[in-house]
Amino acid sequence: MSGSQGVTALCENPTEVFLDVSKLLITYADNILRNPNEDKYRSIRIGNPTFSTKLLPVKGAVECLFEMGFEEAETHLVFPKSASVERLRQVRETIAAERDQRLGASKAASSQQSARVPPSAAPPTLPSASSAGSASASAAAVPTPAPAALPFTDQSSSVTFLRTLQSNFQHVLIYESPELQQKALNCIPHELLITRAKERLKQAKDADPACTLGEEDMLVLDLLQWFKGDFFSWVDNLPCSRCGGATQPSGSLPPSNDDLRWDAGRVENHYCHTCQLSTRFPRYNHPEKLLESRKGRCGEWANCFTLLCRALGLEARYIWDSTDHVWTEVYSQSQRRWLHCDPCENTCDKPLLYEVGWGKKLSYILAFSKDQVVDVTWRYSCKHPEVLSRRTQVQETWLLRTLNGLNATRQQSLGAERKQQLLQRLLVELVEFISPKTSTSGELGGRVSGSLAWRVVRGETGASNTEGDAQECVFIPTKSEKQNKLFHICYNIIKNCYFRQSNGQETISGWQRGAWRTENMFRKEEQDWQMVYLARTEGSSFGRISWKFNCAPVGMKIKSASVRAFSQTFHSGSIRWSLRSAETTIEFPGDGELHSSSSLSGGKELIVEAELTGGEGEVSWQHTQLFRQSLKDTQKVLFEILVEMEES
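Treat the numbers as computed from the prediction; the structure is a model and nothing was measured.

## Concerning the overall build of the protein chain
Helix and strand counts for the protein chain come out as 19 helices and 29 strands. Residue burial in the protein chain is summarised as follows: out of 648 residues, 54% are buried. The contacts in the protein chain between residues at least 6 apart in sequence include a share of 70% that link residues at least 24 apart. Per element, the accessible surface of the protein chain, about 27,900 Å² overall, is 48% carbon and sulfur.

Next comes the structure, spelled out in structure tokens:
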């Protein structure tokens, strides 16, 4: 079957393995083909022993299910009603033909068939059935290429890597200290964050009545925002301790006994050329000290933030990236998956941020928690073959065996229920890792996991309406607006609400809920600068937002229209504002002044639109901003539309 990578990968397995797994795959397909209206045959539970131990670990098996039309749905794979049965039949027949050939072929012919694709061309494979089916499989989230695809790795490299694994795995146990968690909890404005989380959850449920998100999901978002905006600060160079002026890095200084007490084996020398004075910057690695110092770079940020998550009772793990970055993951009970959380960026659930947004060349990313270490590299990449080619520090078989060993030792004291829970989560992760994520323009989060409500509360529903996730809002005059022959709406970006003035002060919460169409747009709050604005999504070169008014359904037409909008551009950024009907388009500046036009008179529809382009470098998206305003200026309105109407 042309282009069927799953079947190709499946055929690389030894004949005995292929025959066993192909029989299962054909059975899954036949159940649907013979019983197309039976829902029970359209769902496969990932935790099912047959699936998890006989099919999941085999290279190409799950990919074949995806090619048949199955899709991920939390703890199950589901064959949706919209999937092509013909496609299912084609994949099934291709597997069956190969199976028939192997059953009738000689042992030598089978060997030739299994070697028809070179290992280096194969997609990532999964660990053996024995490892995936045991409690020690918590480390098995490692898609591994054939060993022949990697060069020889010397023993010293393995020893260095092992020390890194052991050090991080031991370090995360610090977060479990009850005394330290209580000290961390005392630093958190718990009640305030809970109140904000409840408000976010209400907003989510207003946007999507079927919302199943939990308060914990919202708490994570508010903790990230508070941590970056109010609690922790970034350090490039410390100010001079004498004159307060700028310093320059100038090598290292010897650590003191107190530095070593707080795991600061490295002390940076920040030298002031004016005072000829050195200011010491100990790089503390003990989170208790970080609760006091509250400053540092990504290492200190992730270290302290992970502790705060554990103090709040959230399941969290410390993420180590071999390309010199660290962050946190938090487990969402409601979404049944791990959420990427980067406190330095106040970013949640954007795992492709580093590879797509920052251009990082990833190789190894490991997640460390009190119970488990997992290779989660594949969550953060949409370029699996490239990543595989860079994973040369240790052999994949060594890494898998080592992670399994570390987990087996750590989990010896765990109860059967907890071990089963960890295994179940791992199996879900394994399925997620098989298919590389895809990113679209401006979408650094890869797959948009979760509901509209989840994207609403994160201010990230800026994907094109053609994707079917956003609702197109069209304003139609109410009875009172028709009677007054006036439509008047304002948007307050601080409150993130529209106020429909001529309709008894109706309130519409959320910038996207009053928009007609949006593309690559989101609402950005800068806690450090205390500013808020609408902008293009990070990484996008183009953004658009429009609002639509239609008075035809109530027998009215436009007499005149006025718009006031404020926008700002920086460097080469450009914003084009337009006001148009079916016959006429008028451009106007976003200078905050009221711009009126009677040339639209007689029309039935009005569209106000802003197009954002240009800018420079990696932050070009910030060079075009709509309605930029101080978070303290709660009453000011920088966008409003007024339409005078008359009888049609």
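After that view, the rundown keeps rolling.
## Details of the pattern of salt bridges
For the structure shown, the criterion picks out 42 salt bridges. Linking Arg261 and Asp258 is a salt bridge whose minimum nitrogen-to-oxygen distance equals 3.9 Å. In this pair, Arg261 and Asp258 both sit in helix H12 (residues 257-261), three residues apart, roughly one turn of the helix. In this structure Asp258 comes out as partly exposed when scored by relative accessible area, which is 36%. Among the salt bridges present, the one from Asp349 reaches Arg337, with a minimum N-O distance of 2.8 Å. Residue Asp349 is located in the loop between strand E12 (347-348) and strand E13 (365-368), and its partner Arg337 is located in strand E11 (residues 337-342); the two are separated by twelve residues in the primary sequence. Summarising the burial analysis for this pair, Asp349 and Arg337 share the class buried. Connected via shared salt-bridge partners are Arg266, Glu268, Arg283, Arg297 and Glu300.

## Focus: the packing of aromatic side chains
According to the stated counting rule, one finds 29 aromatic pairs in the structure shown. Their ring planes at 75° and their centres at 5.4 Å tell us that Phe232 and Trp301 sit as a pair that is edge-to-face. Of this pair, Phe232 sits in the loop between helix H11 (215-231) and strand E4 (233-234) while Trp301 sits in helix H14 (residues 298-311), placing them 69 residues apart in sequence. On the basis of relative accessibility, which here comes to 5%, the residue Phe232 falls in the buried class. You can call Trp301 buried: its relative accessible area is 2%. When the centroid spacing of 6.3 Å and the interplanar angle of 40° are considered together, the rings of Tyr354 and Tyr380 count as tilted. Of this pair, Tyr354 sits in the loop between E12 and E13 while Tyr380 sits in the loop between strand E14 (373-375) and helix H15 (384-390); the two residues are 26 residues apart in sequence, bridging distant segments of the chain.

## Details of the sheet that holds strand E5 (residues 248-253)
Strand order in the open sheet made by the three strands is E5-E6-E7, with antiparallel pairing throughout. The open sheet has two free edges, formed respectively by E5 and strand E7 (277-282), since each of these has just one partner strand. Pairs of neighbouring strands in the sheet enclose a mean axial angle of 35°, with direction left out of account. For strand E6 (residues 267-272) and E7, the ladder comprises six bridges, and the chain directions are antiparallel. Across the sheet, the residue bridging to Cys272 is Leu277, located in E7.

## Comments concerning H14
In this model H14 runs 20 Å from its N-terminal to its C-terminal C-alpha over 14 residues, within 8% of the 20 Å that 1.5 Å per residue would give. Counting buried residues along H14, 13 of its 14 residues qualify, which places the element largely inside the surrounding structure. Positive backbone phi, at 85°, marks Gly313, one or two positions downstream of H14.

## Details of the side chain of Arg379
Relative to the elements of secondary structure, Arg379 occurs in the loop between E14 and H15. Here the side chain of Arg379 touches Glu432 through a polar contact of 3.1 Å, side chain to side chain. Beyond its immediate stretch of four places on either side in the chain, Arg379 contacts Arg317, Glu329, Trp338, Pro351, Leu352, Glu429, Glu432, Phe433 and Lys437.

## Quick look at the layout of surface pockets
By volume, the second largest pocket amounts to about 590 Å³. Residue assignment for the lining of the second largest pocket shows that the elements contributing at least two residues are helix H8 (155-171), H14, strand E9 (316-321) and strand E10 (325-332). It is H8 that provides the largest number of residues to the lining of the second largest pocket, a total of five residues. Tallied by class, the residues present in the lining of the second largest pocket amount to seven nonpolar, ten polar and eight charged.

## Let's talk about the packing of helix H4 (residues 61-68) against helix H5 (residues 85-104)
Closest axis-to-axis distance for the H4/H5 pair is 8 Å, and the angle between their directions is 145°. Side by side, H4 and H5 meet where Cys64, Glu67 and Met68 of the first sit next to Arg87, Leu88, Val91 and Ile95 of the second. Here the contact of H4 with H5 is composed, by residue class, of five nonpolar, no polar and two charged.

## Considering the pairing of E9
For E9, the tally of buried residues reaches six of six residues, placing the bulk of the element in the interior. With burial as the criterion, each face of E9 is covered, one bearing Ala316, Tyr318 and Trp320 and the other bearing Arg317, Ile319 and Asp321. Of the pairings in the sheet, the one linking E9 to E10 comprises six bridges and is antiparallel in character. Residue pairing in the sheet places Asp321 in a bridge with His325 of E10. Between the antiparallel neighbours E9 and E10 lie three residues, among them Asp324 with a positive phi of about 75°. Sheet topology note: the E9/E13 ladder contains four bridges and is antiparallel. Bridging across to E13, Trp320 finds its partner in Leu366.

## Describing the sheet that holds strand E2 (residues 71-73)
A sheet is described by the order of its strands in space; here three strands give the open sequence E1-E3-E2, paired in antiparallel fashion. A single partner strand is all that each edge strand has here, and the edge strands are strand E1 (43-45) and E2. Across this sheet, the average inter-strand angle for adjacent strands is 30°, counted without regard to direction. Bridge count for E2 against strand E3 (residues 76-78) is three bridges, and the pairing is antiparallel.

## Quick look at the side chain of Thr347
Note on placement: Thr347 falls in strand E12. For Thr347, the side chain forms a polar contact with the main-chain oxygen of Glu345, separated by 3.1 Å.

## Things to note about the nonpolar core
Counting residues in each nonpolar core, the largest one holds 58 residues, and the members touching the most others are Phe161, Leu165, Phe227 and Leu366. Once residues lying within four places of it in the same chain are set aside, the contact partners of Phe227 are Phe232, Trp301, Cys304, Phe305, Leu308 and Pro343. Leu19, Leu25, Ala96 and Val428 belong to the second largest nonpolar core, which has 53 residues in total.

## Quick word on the pairing of strand E22 (residues 542-550)
Here E22 lies mainly inside the structure; seven of its nine residues are buried. Relative to E22, strand E15 (residues 474-475) runs parallel, the two being bridged by two bridges. Pairing of Val474 across the sheet is with Lys548, part of E22. Here E22 pairs with strand E27 (residues 605-613) via nine bridges, running antiparallel. Looking at E27, one finds that Trp547 is bridged to Val608.

Each value, and the rule that gives it
Residues numbered from 1 in each chain as written. Predicted model: local features only at pLDDT ≥ 70, side-chain atom pairs only at ≥ 80, totals over all residues. Heavy atoms only, no water. Helix = DSSP H or I, 4+ residues; strand = E, 2+ residues; numbered from the N terminus. Buried < 20%, exposed > 50% of the residue type's maximum accessible area, 1.4 Å probe, protein only. Contact = heavy atoms within 4.5 Å. Areas by Shrake-Rupley, 256 points an atom, 1.4 Å probe, with all protein chains shown as cover. Salt bridge = Lys/Arg side-chain N within 4 Å of Asp/Glu carboxyl O. Phe/Tyr/Trp six-rings, centres within 6.5 Å; stacked < 30°, edge-to-face > 60°. Pairing = 2+ DSSP bridges. Axes fitted to C-alpha atoms, helices over the stretch in contact; angles between N-to-C directions. Expected span 1.5 Å × (residues − 1). Polar contact = N/O pair within 3.5 Å; in protein donor to acceptor, adjacent residues only side chain to side chain. 1 Å grid on protein atoms, 1.4 Å probe; cavity = no way out; pocket = protein on both sides within 12 Å on 5 of 7 lines; lining within 4 Å. Points joined across faces, edges and corners; volume = space filled by probe spheres on them. Nonpolar A, V, L, I, M, F, W, Y, C, P; charged D, E, K, R; others polar. Core = buried A, V, L, I, M, F, W, Y, C linked by side-chain atoms within 4.5 Å.

Distances and angles like these do not, on their own, reveal function.
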